[in-house]
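Summary of the model geometry
Listed below, chain by chain, are the residues.
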Amino acid sequence: MSDGAVATTIFAVFMAGTVALGLAAVRGRGKQGGLAEWSVGGRSLGAVFIWVLMAGEGYTSFSYLGAAGWGYNYGAPVLYVVAYMSCGYAVGYVVGPMLWAYARRHGLVSISDMVAHRYGRPWLGAGVALLVTVFLLPYIQLQITGMGVVVSTISYGAISLNWAYFIGFAVTTGFVVVSGLRGSAWVSVLKDLLVVGTLAFLVVYVPLHYFDGYGGFLDRVVREKSDWLTLPGSGGSRYGEAWFATTSLLNALTVVIFPTTVAGYLGARSADGLRRNAIWLPAYNVLLFVPMLLGMAALFVVPGLVGAESNLALFKLVVDSLPAWGVGVIGVAAALSSIVPMAVFMLVIGTMWGSSVLSLLPRWRGPRRQKLASQGVVVVAGALALVLTYAAPNTLVRLSLISYEGMAQLVPMLLIGLVWRKLTLAGAVSGLVVGVGIVCALVFSDHDPVFGVNAGIVALAVNLAVALVVSYAGPAGRRDERPDAEVLARDPLGAEGEDGADGADGADGEGERGVRAVAGP
């Protein structure tokens, strides 16, 4: 049997197991809970499942491909990933339980629901759902692309990129439509076992195989590639100290309201579980150092990779030095690192459209119909990302540059709005429009970074200033007569019994109750 056949067989067996695991996760639950069961796991996932799910969202195909590629091309700037995720978990220690309690109390299942409820405008939730879809589609496309590259590489070229893209779409769509968030959490357990095992092996094997240990490897890096060890990295990159600090700050704020992160929050059984999760999650970041180091090791083994080829730095080491079965196992770990986050991205888009957009139509109201609509949107969103992967890859890759920075512009509307009553609808919307406009203008005119500073944080600062000015000096608008306890979020510390009671009610009847809550006064 050829090397390609061996690696592909191992991959196929694990993919079949992935789908089976997703089906097993929801066995006996298919008719329970409607949209809440499918989209947020019935709000019943324990600390372990939440940990592996949220760790899985942070450890994507970027970790195998992009992190190694950035380590290969630039060196030290790639450490911003570890910095912002660790800082983001610290922010999430406070924000996660707050969002969990707010959504549980009012029977909400997405950030678009939260925005609609806070400002009492269903149309605003629909608008946020549309905006978030635009920013998440590139992530789905990039995960499809990443998985396609992995599958084609581990098959030694036997599977073409086009077929590999379709395989990634089909496997992910099939199991997320059936299993929802709970299935993603179960598959995350398998993925984490493979990721931890393969990276622990590679971090020892590669330096020993190619450099006789870390001493020889690090000595060569210091002597021959010292630029890779300091900011702004190699080749006169634009990613210096100011960019590193501002990007870490911006992403740390954004990751806590990122729709996929919030999906993890809302799936938790308790707020205390989220706090413990925030303490444990930084330990997972240690794994991110491995592909970064291996990307730098590839500088000496496979020199001369340029452009998109640099993203294959780690896998070129793997294919060059390991037997076919080893290539297959590592390929499965990398593929699952695409499938889990891609599934949650698709799930979030489907949930937002089902609860915030299509629910505005009378025929799609009610938990069963919302769930059906959400599952249909998942298929459409995945298919759209797949088609654009084939037809216009460069357009979406370009759009991906503004995805995280664009999502950051929701921070004032959501986070500040949930703790400060005086932020008005006009102020929040004005700030969001200005912030997104500035991000698009700066990125598409190739002015990111701006004087060395992340363009997204410049836009966020203007966004916040506009929101405050309009809230204080702009039109008062219709007065919201609801009490603060109905509109604002609160820290559930010491009040989980009350929240839990509300949550049980909200989770069981989120269809009717959720529509009333979002509709507002």
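All of these numbers come straight from a predicted model, not from anything done at the bench.

Describing the overall build of the chain
- From N to C terminus, the chain includes 25 helices and zero strands.
- A burial count over the chain gives 58% of its 521 residues as buried.
- Of the contacts made within the chain by residues no fewer than 6 positions apart, 85% connect residues no fewer than 24 positions apart.
- In the structure as shown, the chain presents an accessible area of about 19,400 Å², 67% of it carried by carbon and sulfur atoms.

Observations regarding unusual backbone geometry
- Here L231 and P232 are connected by a cis peptide whose omega angle stands at 10°.
- With respect to the secondary-structure elements, P232 resides in the loop between α10 (214-224) and α11 (241-255).
- At the junction of D448 and P449, the peptide bond is cis and its omega measures out at 5° in the coordinates.
- Phi is positive for Y156, which is not a glycine, with a value near 60°.
- Inspection of the secondary structure assignment puts Y156 in the loop between α8 (122-154) and α9 (161-211).

Observations regarding the nonpolar core
- Core analysis: the largest hydrophobic core is formed by 154 residues, its most contacted members being Y64 and L410.
- Sorting elements by how many residues they give to this core places helix α16 (residues 324-357) first, with 19 residues.
- Among all residues touching L410, those that are not within four sequence positions of it are I111, V128, L131, V132, I257, L415 and L432.

A look at the side chain of N285
- Mapped onto the secondary structure, N285 falls in the loop between α13 (271-280) and α14 (289-301).
- Residue classification places N285 among the buried positions, given a relative accessible area of 3%.
- Not counting chain neighbours up to four residues away, the residues in contact with N285 comprise V82, M85, S86 and Y89.

Concerning the packing of aromatic side chains
- A complete count under the given rule lists 21 aromatic pairs for this structure.
- With centroids separated by 5.7 Å and ring planes inclined at 50°, the aromatic side chains of W70 and Y80 adopt a geometry described as tilted. Taken together, the residues span a long stretch of sequence, with W70 in helix α5 (residues 66-73) and Y80 in helix α6 (residues 80-106) at a distance of ten residues. There is no split in this pair, since W70 and Y80 are both buried.
- The interplanar angle of 80° and the centroid separation of 5.7 Å between the aromatic rings of Y139 and F258 together place this pair among those described as edge-to-face. With Y139 in helix α8 and F258 in the loop between α11 and α12 (259-266), this residue pair connects regions lying 119 residues apart in the sequence.

Observations concerning the environment of F175
- Secondary-structure assignment places F175 in helix α9.
- Sequence spacing of F175 and V187 is twelve residues, and the spatial spacing of their C-alpha atoms is 9.9 Å.
- Setting aside residues up to four positions removed in sequence, F175 forms contacts with T18, V19, G22, G180, G183, S184, V187, I339 and A343.

Some thoughts on the pattern of salt bridges
- Across all of its chains, the model carries ten salt bridges by this definition.
- One salt bridge in this structure joins R238 and D446, with 3.6 Å as the shortest N-O distance. Of this pair, R238 sits in the loop between α10 and α11 while D446 is found in the loop between α21 (425-444) and α22 (455-473), placing the two residues 208 residues apart along the sequence.
- With relative accessibility at 43%, the residue R238 sits in the partly exposed group.
- Through salt bridges with shared partners, a single network forms among D219, R220, R223 and E224.

Concerning the packing of helix α1 (residues 3-25) against α16
- Two elements in contact, α1 and α16, have axes whose closest approach is 8 Å; the angle formed by their N-to-C orientations is 40°. Note on packing geometry: the crossing formed by α1 with α16 is right-handed. The residues of α16 that touch α1, namely those facing D3, V6, A7, I10, F11, F14, M15 and T18, are A324, W325, G328, V329, V332, A335, L336 and I339.
- Of the residues belonging to the contact of α1 with α16, the class tally is 13 nonpolar, two polar and one charged.

Focus on the environment of R482
- Along the chain, the position of R482 falls in the loop between α22 and α23 (484-487).
- There is a polar contact of 3.1 Å between the side chain of R482 and the backbone oxygen of R118.
- Side chain to side chain, R482 and D480 meet in a polar contact 2.7 Å long.

Criteria and cut-off values
- Residues numbered from 1 in each chain as written.
- Predicted model: local features only at pLDDT ≥ 70, side-chain atom pairs only at ≥ 80, totals over all residues.
- Heavy atoms only, no water.
- Helix = DSSP H or I, 4+ residues; strand = E, 2+ residues; numbered from the N terminus.
- Buried < 20%, exposed > 50% of the residue type's maximum accessible area, 1.4 Å probe, protein only.
- Contact = heavy atoms within 4.5 Å.
- Areas by Shrake-Rupley, 256 points an atom, 1.4 Å probe, with all protein chains shown as cover.
- Core = buried A, V, L, I, M, F, W, Y, C linked by side-chain atoms within 4.5 Å.
- Phe/Tyr/Trp six-rings, centres within 6.5 Å; stacked < 30°, edge-to-face > 60°.
- Salt bridge = Lys/Arg side-chain N within 4 Å of Asp/Glu carboxyl O.
- Axes fitted to C-alpha atoms, helices over the stretch in contact; angles between N-to-C directions.
- Left-handed = near helix turned anticlockwise from the far one by under 90°.
- Nonpolar A, V, L, I, M, F, W, Y, C, P; charged D, E, K, R; others polar.
- Polar contact = N/O pair within 3.5 Å; in protein donor to acceptor, adjacent residues only side chain to side chain.

Honestly, that's just the spatial picture; any functional story needs more than this.
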